[in-house]
Amino acid sequence: FSANTIAGLPVIEAFSDNKVTLGPYSSPVIIDSSGNISGSSGGELNVYPGSTNYKGINIISDGSARPSLEFKNESQGDLGAIYGTGTDGGMHVFSYGPLSFMANSDEVIRIHSSGAVSIGDDYVATDPGGDKVIIEGDVGIGTTSPGTTLEVNGQAMVSGSGLWFKAPQFGA
């Protein structure tokens, strides 16, 4: 059956093979009886509600383009995307603004558009500038429980023009 037409093309069309197409496009979106969504020109989106061994969303590319999940907002436009890099099997996360990580509804890590990273509740909104990292709290290298601002368990090497210590002033 077909329902409504725009420019002579059906908007919704059901077929005897349990597929439904959504148009009006020359290459419509196809939804099969398992809930898989695909374009007639290739690629597909599978939604697994949990009735199979898979749970979640599977995005498959037909090989002519990278599989991607894009985020858009009607008022702001493109917000970002997650996409496969192609033949190396990697993934990229892309954001038009800062990229944030949340824990218990609190933002705890932010990668700023400058390339800088800020970590910790009080520092997360501060952009220290490109290629810099600021961390609230103690940092441990080679230890899981640092007791000071920086604790290194193991050897450390410093290269460059020297190592400077700023000691507190004692008495006058």
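Placed above this text is the structure.
Residues numbered from 1 in each chain as written. Predicted model: local features only at pLDDT ≥ 70, side-chain atom pairs only at ≥ 80, totals over all residues. Heavy atoms only, no water.

S.K.: Help me out: how do you make sense of the sheet that holds strand β11 (residues 99-103) in this one?
M.R.: Sheets are built from strands that pair by backbone hydrogen bonding, the pairs being arranged parallel or antiparallel. In spatial order, the strands read β11-β12-β13-β14; together these four strands make up an open sheet with mixed pairing. Edge positions in the sheet fall to β11 and β14 (133-135), since each of these pairs with one other strand and no more. Here the strands of the sheet are splayed against their neighbours by 20° on average, with no regard to which way each runs. (Pairing = 2+ DSSP bridges. Helix = DSSP H or I, 4+ residues; strand = E, 2+ residues; numbered from the N terminus. Axes fitted to C-alpha atoms, helices over the stretch in contact; angles between N-to-C directions.)

S.K.: Honestly, the environment of threonine 143 in this entry has me stumped. Any pointers?
M.R.: Looking at where threonine 143 falls in the secondary structure, it is placed in the loop between β15 (139-141) and β16 (150-152). Note: C-alpha distance between threonine 143 and asparagine 153 (10 residues apart in sequence) is 6.0 Å. Setting aside residues no more than four positions away along its own chain, threonine 143 makes contact with Glu151 and Asn153. (Contact = heavy atoms within 4.5 Å.)

S.K.: Can you help me understand the pattern of salt bridges in this one?
M.R.: In a structure, side chains of opposite charge can pair up when their charged atoms sit close to one another. Taken as a whole and assessed by the stated rule, the structure comprises one salt bridge. Two residues, glutamate 107 and arginine 110, come together in a salt bridge whose shortest N-O distance is 2.8 Å. Summarising the burial analysis for this pair, glutamate 107 and arginine 110 share the class buried. (Salt bridge = Lys/Arg side-chain N within 4 Å of Asp/Glu carboxyl O. Buried < 20%, exposed > 50% of the residue type's maximum accessible area, 1.4 Å probe, protein only.)

S.K.: Please explain the packing of aromatic side chains as it appears in this structure.
M.R.: Between two aromatic rings, the relevant description is the distance of the centres plus the angle of the planes. Counted according to the given criterion, the structure contains one aromatic pair. Relative to tyrosine 96, the ring of phenylalanine 94 lies with its centre 4.8 Å away and its plane at 85°, an arrangement referred to as edge-to-face. Under the relative-accessibility criterion, tyrosine 96 is labelled exposed at 54%. (Phe/Tyr/Trp six-rings, centres within 6.5 Å; stacked < 30°, edge-to-face > 60°.)

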